[in-house]
Amino acid sequence: MTPIPAPAAPAPQAGPAFDFRPLLAAYMTCTMAMMGFVSVIGPVARLLHLAAWQAGAVITVGGVLWMLLARTWGTASDRLGRRRVLLAGVGGFALSYWAMCAVAIASLYFFPAAGLVFAGLVVTRGSVGAFFAANPSVSQALVADHLPAERRAAAMASLGAANAIGLVLGPAIVAALTPLGLSLPLALIAVLPLLGLGLLWKALPDSPPAHGTATAAQRLVEPRLRRPMTVAFVCMFCVSMAQITVGFFAIDQLGLAPEAAARTAGLALAMVGVALIVAQLAVRRLGWSTQRLIRAGALVSAAGFGAVPLASTGAMLEAAFFVAAAGMGWMFPAFAAMASNAVAAHEQGAAAGSVGAAQGLGIVLGPLAGTLLYETGPGVPYALAAILLVLVAAWPAQTRA
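Keep in mind it's a predicted model, so treat the numbers as computed, not measured.

## Notes on the environment of Phe321
Alright, step 1. Mapped onto the fold, Phe321 is located in helix α12 (residues 314-342).
Alright, step 2. In sequence terms Phe321 and Ala268 are 53 residues apart; their C-alpha atoms lie 6.0 Å from each other.
Alright, step 3. When sequence neighbours within four positions are dropped, the list of residues in contact with Phe321 reads Ala242, Val246, Ala268, Leu269, Val272, Val308 and Tyr382.

As structure tokens, this is what we get:
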């Protein structure tokens with residue numbers, strides 16, 4: 001039976017134009033900090049005698065808590081107001097990030113037992129992920145609060161572009177500073193969340209709680225959100241499968257030495273960041289519906305992932321990743337806007353949080369599936385990603401989006 005669509009959210013009332021620039025800057029600085037730590041965890045783990053699985057667990061725990069708490073933060077912003085909840089989330093993120101960097105820096109100087117270091121990093125990184133979950137959920141709800149449905153995809157693309165810039169700049173800053181030691185980049189990137197918090201504190205206007213019952217948060221899979229949540233999961237599942245296996249692919253399929261493979265994998269992931277920025281900025285000019293963006297983006301991304309098993313050189317691998325990420329750059333803002341357009345005004349935070357939880361699940365399951373499938377063949381994870389994206393593109397629309 002075709003579900004009856006919910007009444008559309010009322011258009012935002014006329015008033016002074018909302019300035020999204022502080023929101024974009026805060027989102028970018030927090031992402032820079034997150035990815036900056038990811039890029040330095042490997043060398044830090046080696047110096048502190050942590051096993052590779054322990055370094056991976058430190059990163060994964062943040063993703064798990066992000067997945068579990070995204071809906072909670074979004075629903076809280078519906079009940080308590082966007083400003084209060086977003087400031088609490090970014091403030092908690094800043095404090096947790098300081099604690100995590102302090103644990104790492106102190107450990108580099110005093111070299112405590114590896115088990116103690118591991119426990120400290122797991123607790124603090126988990127707290128970082130738990131508070132970071134507020135940022136995308138509440139930011140997307142703020143976009144829905146202040147823009148009509150037809151303009152939300154473009155604004156969501158701006159959020160995605162800010163996030164993609166953070167994905168590129170965070171590791172780049174760390175890479176530039178690591179010749180001076182590992183403590184310096186850790187100390188400096190810990191300042192970034194404070195900058196974001198200061199911008200939001202000064203510029204984010206007060207917002208009253210939404211009125212009504214957030215029915216989108218009452219069930220884990222709300223029928224109105226089934227499509228955007230599924231697309232969000234597939235996107236992050238495919239991306240995380242590719243990220244975890246690209247280094248192995250460069251060694252096994254391209255025949256590169258580990259050092260050369262690391263450079264090739266790094267360039268491929270850098271191309272992902274560039275493609276996401278370009279594609280999401282293009283969304284602002286295209287003016288397409290969310291359904292059209294998802295279908296076109298899924299097919300483009302499927303072509304990119306499908307080309308990876310055919311790559312025989314580093315340049316071919318990097319080009320395939322660029323194409324795959326360009327398609328994703330159309331899909332990310334589209335599924336966020338689709339979720340926003342499916343619910344009423346008082347459910348925006350809950351809807352954004354539900355989509356965030358679906359993304360988090362993809363981040364958690366993707367690396368596991370990718371590594372298991374890679375054992376059956378280097379190209380298998382990428383072939384699966386292409387098939388899943390083609391199925392997303394072929395999913396028939398039931399309502400206008």
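## Section: a nonpolar patch on the surface
Alright, step 1. On the surface, Trp98, Val191, Leu194 and Leu195 cluster together into a nonpolar patch covering about 350 Å² of accessible area.
Alright, step 2. Topologically, Trp98 is positioned in helix α3 (residues 82-110).

## Things to note about the confidence of the model for the protein
Alright, step 1. On average, residues of the protein score 79 in pLDDT, and 87% of them reach the 70 mark or higher.
Alright, step 2. pLDDT under 50 marks residues 1-15. Its contacts with residues more than four places away, or in other chains, come to 16 contacts.
Alright, step 3. Predicted confidence for residues 213-218 stays below pLDDT 50, and this span has 22 contacts to residues more than four positions away or in other chains.

## Digging into the packing of α3 against helix α4 (residues 114-132)
Alright, step 1. Viewed as axis vectors pointing N to C, α3 and α4 meet at an angle of 160°, and their least axial separation amounts to 8 Å. Taken as axis vectors, α3 and α4 run roughly antiparallel relative to one another. Viewed along their axes, α3 and α4 form a crossing whose handedness is left-handed. Contacts between α3 and α4 involve Ala88, Gly89, Gly92, Phe93, Ser96, Tyr97, Ala99, Met100, Val103, Ala104 and Ser107 on the former and, on the latter, Val117, Gly120, Leu121, Thr124, Arg125, Ser127, Val128, Phe131 and Phe132.
Alright, step 2. Looking at side-chain class alone, the contact of α3 with α4 contains 12 nonpolar, 7 polar and 1 charged residues.

## With respect to the nonpolar core
Alright, step 1. Ranked by internal contacts, the top residues of the largest apolar core, which has 117 residues, are Tyr97, Phe305 and Met328.
Alright, step 2. Ranked by residue count, the leading element in this core is α12, at 17 residues.
Alright, step 3. Those residues in contact with Met328, other than ones at most four positions away along the chain, are Cys235, Cys238, Val239, Leu276, Gly297, Ser301, Phe305 and Leu389.

## What to know about unusual backbone geometry
Excluding glycine, a negative phi dihedral is what most residues carry, and trans is how most peptide bonds are arranged.
Alright, step 1. The phi torsion at Phe111 lies on the positive side, around 50°, for a residue other than glycine.
Alright, step 2. Here Phe111 lies in the loop between α3 and α4.

## As for the packing of aromatic side chains
Alright, step 1. Tallied over the full model, the rule gives 8 aromatic pairs.
Alright, step 2. Measuring from ring centre to ring centre gives 5.5 Å for Trp66 and Phe132, while their planes differ by 90°; the resulting arrangement is edge-to-face. You can see Trp66 sitting in helix α2 (residues 52-80) and its partner Phe132 sitting in helix α4, a full 66 residues away along the chain.
Alright, step 3. The exposure class of Trp66 is buried, given its relative accessible area of 17%.
Alright, step 4. Both rings, one in Phe93 and one in Tyr97, keep their centres 5.7 Å apart while their planes meet at 35°; by these two values the pair is tilted.

The rules behind the values
- Residues numbered from 1 in each chain as written.
- Predicted model: local features only at pLDDT ≥ 70, side-chain atom pairs only at ≥ 80, totals over all residues.
- Heavy atoms only, no water.
- Helix = DSSP H or I, 4+ residues; strand = E, 2+ residues; numbered from the N terminus.
- Contact = heavy atoms within 4.5 Å.
- Patch = residues over 30% accessible without salt bridge, like charges linked within 9 Å, V, L, I, M, F, W, Y side chains within 5 Å.
- Areas by Shrake-Rupley, 256 points an atom, 1.4 Å probe, with all protein chains shown as cover.
- Salt bridge = Lys/Arg side-chain N within 4 Å of Asp/Glu carboxyl O.
- pLDDT = per-residue confidence, 0-100.
- Axes fitted to C-alpha atoms, helices over the stretch in contact; angles between N-to-C directions.
- Parallel < 35°, antiparallel > 145°, perpendicular 65-115°, else oblique.
- Left-handed = near helix turned anticlockwise from the far one by under 90°.
- Nonpolar A, V, L, I, M, F, W, Y, C, P; charged D, E, K, R; others polar.
- Core = buried A, V, L, I, M, F, W, Y, C linked by side-chain atoms within 4.5 Å.
- Buried < 20%, exposed > 50% of the residue type's maximum accessible area, 1.4 Å probe, protein only.
- Phe/Tyr/Trp six-rings, centres within 6.5 Å; stacked < 30°, edge-to-face > 60°.

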